[in-house]
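Below are the chains, spelled out letter by letter.
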Amino acid sequence: SLQNKDLDSEALISLIVAVEVHFEEFAVPYIPHLIESMQNSEWSTRKCAIDVIYTLAALIPDVLIPFKQELVESLNNLRFDKFKQVRESCIEAF
């Protein structure tokens, strides 16, 4: 899973935006890690994962199709997260 100290969501999002077309092939194996990170005990890690999923959905949405059910379930659960930052990111991602 992603750890907050190991991943700066802004840096990853900037990378995805910069290499959008070339990132697509790497996104599919990475998505299960994002889904796992959405269940992490650290709120900042959950928020980071949601923000990255949102970016992928905006730029290369086709890569998320095989994971649609898992993503919808996770995002539905996170709408009620105890941390406002997570809830807000989740609502924006929907």
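Residues numbered from 1 in each chain as written. Predicted model: local features only at pLDDT ≥ 70, side-chain atom pairs only at ≥ 80, totals over all residues. Heavy atoms only, no water.

Digging into the overall build of the protein chain
So, point 1. Looking only at helices and strands, the protein chain features five helices and zero strands.
So, point 2. Beginning at the N terminus, the succession of helices and strands in the protein chain can be written as α-α-α-α-α.
So, point 3. For the protein chain, the proportion of its 94 residues judged to be buried stands at 40%.
So, point 4. The long-range fraction of contacts in the protein chain, counting pairs at least 24 apart against all pairs at least 6 apart in sequence, stands at 66%.
So, point 5. Split by element, the accessible area of the protein chain, about 5700 Å² in all, is 54% carbon and sulfur. (Helix = DSSP H or I, 4+ residues; strand = E, 2+ residues; numbered from the N terminus. Buried < 20%, exposed > 50% of the residue type's maximum accessible area, 1.4 Å probe, protein only. Contact = heavy atoms within 4.5 Å. Areas by Shrake-Rupley, 256 points an atom, 1.4 Å probe, with all protein chains shown as cover.)

Let's talk about the pattern of salt bridges
So, point 1. For the structure on display, the rule yields three salt bridges.
So, point 2. The shortest N-O distance in the salt bridge between Asp51 and Lys47 comes to 2.7 Å. Here Lys47 and Asp51 lie together in helix α3 (residues 43–59), a separation of four residues that amounts to about one turn.
So, point 3. Residue class for Asp51 comes out buried when judged on its relative accessible area of 16%.
So, point 4. Judged by its relative accessible area of 24%, Lys47 is partly exposed. (Salt bridge = Lys/Arg side-chain N within 4 Å of Asp/Glu carboxyl O.)

Some thoughts on helix α5 (residues 84–93)
So, point 1. By the burial criterion, the buried members of α5 are Val86, Ser89, Cys90 and Ala93. Down the axis, α5 shows its buried residues gathered within 100° of arc, on one side only.
So, point 2. Residues of α5 that are buried in the fold lie against α3 and α4 (68–78). (Arc of directions from axis to C-beta.)

A few points about α4
So, point 1. Taken together, the buried positions of α4 are Leu71, Ser74, Leu75 and Leu78. Buried residues of α4 fall within an arc of 95° about the axis and therefore sit on the same side. The exposed residues of α4 that point more than 90 degrees off its buried face are Gln69 and Asn77.

Points about the packing of α3 against α5
So, point 1. Viewed as axis vectors pointing N to C, α3 and α5 meet at an angle of 15°, and their least axial separation amounts to 9 Å. Relative to α5, the element α3 is oriented roughly parallel. For the pair α3 and α5, the crossing hand works out as left-handed. For the pair α3 and α5, the contacting residues are Trp43, Arg46, Lys47, Ile50, Asp51 and Tyr54 in the first and Gln85, Val86, Ser89, Cys90, Glu92 and Ala93 in the second. (Axes fitted to C-alpha atoms, helices over the stretch in contact; angles between N-to-C directions. Parallel < 35°, antiparallel > 145°, perpendicular 65-115°, else oblique. Left-handed = near helix turned anticlockwise from the far one by under 90°.)

A word on the confidence of the model for the protein chain
So, point 1. Here the protein chain averages 86 in pLDDT, while 89% of its residues score no lower than 70.
So, point 2. In the model of the protein chain, helix α1 (residues 9–18) stands out as the element of lowest mean pLDDT, 73, in contrast to α4, which has the highest, 96. (pLDDT = per-residue confidence, 0-100.)

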